[in-house]
Each structure stands twice: as structure tokens, then as C-alpha cells.
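These are the residues of each chain, in order.
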Amino acid sequence: MTLDFSILLRFENALLLGLWMTLKLTVICIVLGCTLGFLVGLMRTSRNLALRAASGAYVEFFRGTPVLIQLFWIFFCLPLLLGVELSNMVSGVIALTLYMGAITSETFRASLKSIGREQLDACVALGLPKRAQVVNVVLPQAVLRAIPTLLSNCVSLFKESALVSAVGMADLMFVGQNISNNTARPVEVLTVVALIYFVIAFPLTRAVSLIEGRILKKLAI
């Protein structure tokens, strides 16, 4: 078999559009998922038993089931229950946001537990309202301590986003599959698609280690 990667030059724009859709979906789900994850992390550390139970059930379910099944259920089953149609974009955002929220909640829970109790006691002694305690004291420290793991979660989400191609969303993987089917060149096309994912994900994984070292050094000070 003779490989011919030059054929992909004809589909450069299509691949770029697919990559743009993948990046857009990933960024949206990162923002929404991290916000959800922080709120769930607060619930997981709450003294309220009902909040801890509900947040724990959510986390265990979305961490314990395949993301692809979650995506299929939201795309095919949720519209039947709600009586409304959901586009593949909306379904993808919901599924990946819920997944991101579940995995980042554990990250935030660990970082929240690492904050000394004396700091919260000082907030109470100063008479700070609960909202000010969370926004001005807890949140900045929790985010700082969670950054390395959050970045790893973001890289994982970027790779998991390829699953939305299964519901017909025109992301990078979906475009690559279509080009592969139309050209009968799966080796060249899928190899290039894999390399695109790698070129984006690998520098981020290396950056995680560097950032983690700097943050640990800063916290040590």
C-alpha cells in the first residue's frame, strides 16, 4: 500500500473547521464544567447530609459510567422525556459539562480540604458573610491549589470531545471520518487527525508538570 498524505491538502479547510468546532466545544464545557465542579465540590464538603448525598450520587454516577453512554442517553432519551428536541451541539455540551463537573468536583473537594480550618474560623471572627468567605477567601486558594489537576482534566476533556462525532456533530473526528470514507484513505486521514489531537494535547500535558512545580513552590513559601 502506497501512502499519499498530499490528498489531505484538498480538505485543509474542512479539517480546520472541524478543529475549530472541537476547540469551541471544549472551551465551553471547560468553563461550564469547572463552575459546576466548584459548586459540587462545595456541596461535597458541606455539613448538610442531604447536599453531600446528592452531590456524591451525581459524582459517582458520571464518573462510573462511560461518557459515550451519557452522550447517547442525553441525545436520544432526554428529548423523549422532556418533549423537546436537542441538537447534537446542545447534547454534547450537556454531556461533557456534566462529565467535567463530576471529575473537577473531586479536584476542588481535595483543594478545599487542604485549606486550613483556621482560615475559615478567622473569617467568622471577622464577621465576613458566607458569600464573601467563598468568593474572597476560599475560591482563590482552591483554584490555585487545583490548577495542575484542572489542566489535566481539561486535556482529558479535549480528547473525550471526539465522542460527539458519534451523534453527528461536525467536530474534528467527524470531519476526519467523512474524509476517510470519501477518499478511501483511512490510514492517512486518521493518522493526521490523531497527530492534530496530539500536537494540541502534548504541550498541555508538559505544561501541567511545569505549572505544578511552580505552584507547589509558591505554596511552600
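Residues numbered from 1 in each chain as written. Predicted model: local features only at pLDDT ≥ 70, side-chain atom pairs only at ≥ 80, totals over all residues. Heavy atoms only, no water.

- As annotated in an unreviewed UniProt entry, the chain carries the name Amino acid ABC transporter permease and is attributed to Rhizobium changzhiense.
- Under the UniProt heading Function (unreviewed entry), the entry covering the chain gives this text: "Part of the binding-protein-dependent transport system for glutamine; probably responsible for the translocation of the substrate across the membrane."
- Looking at the chain in UniProt, the text filed under Sequence similarities (unreviewed entry) is "Belongs to the binding-protein-dependent transport system permease family. HisMQ subfamily." (UniProt positions renumbered as here; feature names shortened; annotations may be inferred.)

1. A closer look at helix α7 (residues 172–183)
Inference 1: With 12 residues, α7 should cover 16 Å at 1.5 Å per step; its first-to-last C-alpha distance of 16 Å lies within 8% of that length.
Inference 2: Along α7, the positions that sit buried rather than exposed are L172, V175, G176, I179, S180 and T183. Taken down its axis, α7 places every buried residue within 135° of arc, on the same side. The exposed residues of α7 that point more than 90 degrees off its buried face are N181 and N182.
Inference 3: Of the residues trailing α7, A184 is marked for its positive phi of about 55°. (Helix = DSSP H or I, 4+ residues; strand = E, 2+ residues; numbered from the N terminus. Expected span 1.5 Å × (residues − 1). Buried < 20%, exposed > 50% of the residue type's maximum accessible area, 1.4 Å probe, protein only. Arc of directions from axis to C-beta.)

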